[in-house]
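Examination of the molecular architecture
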Amino acid sequence: MNEYLDLSPDVKRALESGSPVVALESTIISHGMPYPRNLKTALEVERIVRSNGATPATIAILGGRLKAGVTPEEIETLAKRGQAVTKVSRRDLPYVVARGGDGATTVAATMILAAMAGIRLFATGGIGGVHRGGERSFDISADLEELARTSVAVVCAGAKSILDLGLTLEYLETRGVPVIGYGTDELPAFYTRRSGFPLKARLDSPEEVARLLKAKWELGLDGGAVVANPISIEHSMDPEVIGGAIDRALADAEAKGVRGKEITPFLLARIEELTGGGSLDSNIELVYGNAALAARIAAELARM
Ligand code: PSU
Ligand code: MN
């Protein structure tokens with residue numbers, strides 16, 4: 001076990017006994033949603049993972065220690081401090097650790113810590129990707145490279161169309177990352193169930209997904225996979241409404257010159273404002289759905 005990593009007693013017990021564990025990220029808490037709904041959501045996600053037969057491991061960096069499994073009080077601190085906590089991706093990890101700081105882990109950093117701990121499944125809302133205009137700005141989320149190299153499956157609701165979904169799929173194809181449509185033939189677009197981008201792999205049960213993951217890793221094909229689980233019909237948004245808000249938020253980011261790691265949190269907050277909170281309600285519901293599915297896949301994988 002890595003000497004920088006602490007497992008919570010729950011997570012340690014589950015991993016030692018081969019029980020299913022699901023990793024959860026912390027950037028979504030501190031940078032992805034406002035307080036206090038971020039706190040309520042993070043605690044509820046843990047409850048949903050448990051009720052679907054797995055142990056939740058919320059991942060973060062506290063006082064320079066890598067944590068797989070944090071206490072409700074620690075979640076509360078991350079939720080309250082919000083964007084004052086450093087957003088940590090692969091690049092930022094050694095800096096925060098060496099200085100004994102606190103960090104909220106992105107999809108990429110959460111995958112790294114999950115893999116260190118021996119956790120194979122991870123649930124979140126959406127992954128980062130190639131930003132619109134990425135062919136010129138080179139703004140490509142480190143999440144994609146991490147998916148290429150680290151063997152953790154990420155259950156998400158696809159990616160937001162703040163990104164260029166076509167380029168994101170091309171990138172994942174080049175880097176050999178399977179993108180599985182869960183019960184769909186299309187990449188879901190986070191707030192909506194459809195993006196118009198067809199996928200080459202569709203699976204319809206947790207067991208089938210677990211079988212794919214087992215095959216991939218037993219073949220020696222290191223790296224992750226994206227399990228793209230569409231938002232429920234009930235909670236999905238009107239494509240016109242959300243599309244308009246996204247275009248407006250992108251224009252505002254451009255006008256303000258927002259760049260680098262600040263862009264994604266800026267867009268999320270702006271879209272929430274522009275939709276009168278509607279995007280946040282959808283965001284929370286889809287995370288719940290992903291947590292349940294990840295727990296069920298983890299349970300199948302543990303059984304195999
Ligand atoms: N997409 C969302 N919500 C989020 C994020 C992405 O819908 O909270 C967060 C995740 O932590 C993701 C990160 O890993 O943003 C990507 O940031 P960047 O584009 O700077 O790599
Ligand atoms: Mn970026």
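The structure contained in this document is the topic of the report that follows. These numbers come from a predicted model, not from an experiment.

**Remarks on helix α4 (residues 72-81)**
Within α4, burial applies to I75, L78 and A79. An end-on view of α4 places all buried positions within 100 degrees of arc, on one side of the element. Of the residues in α4, the exposed ones pointing more than 90 degrees away from the buried face are E73 and K80. Elements in contact with the buried residues of α4: α2 (27-30), α3 (37-51) and β3 (55-62).

**Remarks on the site of ligand 1**
The full set close to ligand 1 counts 16 residues, and E25, V107, S141, D143 and K160 are the nearest of them. A distance of 2.6 Å separates an oxygen atom of ligand 1 from a polar side-chain atom of E25. Separating an oxygen atom of ligand 1 from a side-chain N or O atom of T264 is a distance of 3.0 Å. About the coverage of ligand 1: the protein hides 92% of its 470 Å² of free accessible area. For the shell around ligand 1, the class distribution of residues is four nonpolar, seven polar and five charged.

**Here we look at unusual backbone geometry**
The amide bond that connects Y35 to the next residue, P36, takes the cis arrangement and shows omega of 5 degrees. Positionally, P36 belongs in the loop between α2 and α3. Positive phi outside glycine occurs at F138, with the angle close to 65 degrees. Along the chain, the position of F138 falls in the loop between α7 (134-137) and α8 (142-149). For F138, a relative accessible area of 67% translates into the label exposed.

Conventions and cut-offs
- Residues numbered from 1 in each chain as written.
- Chains lettered and ligands numbered in written order.
- Predicted model: local features only at pLDDT ≥ 70, side-chain atom pairs only at ≥ 80, totals over all residues.
- Heavy atoms only, no water.
- Buried < 20%, exposed > 50% of the residue type's maximum accessible area, 1.4 Å probe, protein only.
- Helix = DSSP H or I, 4+ residues; strand = E, 2+ residues; numbered from the N terminus.
- Arc of directions from axis to C-beta.
- Contact = heavy atoms within 4.5 Å.
- Near = heavy atom within 4 Å.
- Polar contact = N/O pair within 3.5 Å; in protein donor to acceptor, adjacent residues only side chain to side chain.
- Areas by Shrake-Rupley, 256 points an atom, 1.4 Å probe, with all protein chains shown as cover.
- Nonpolar A, V, L, I, M, F, W, Y, C, P; charged D, E, K, R; others polar.

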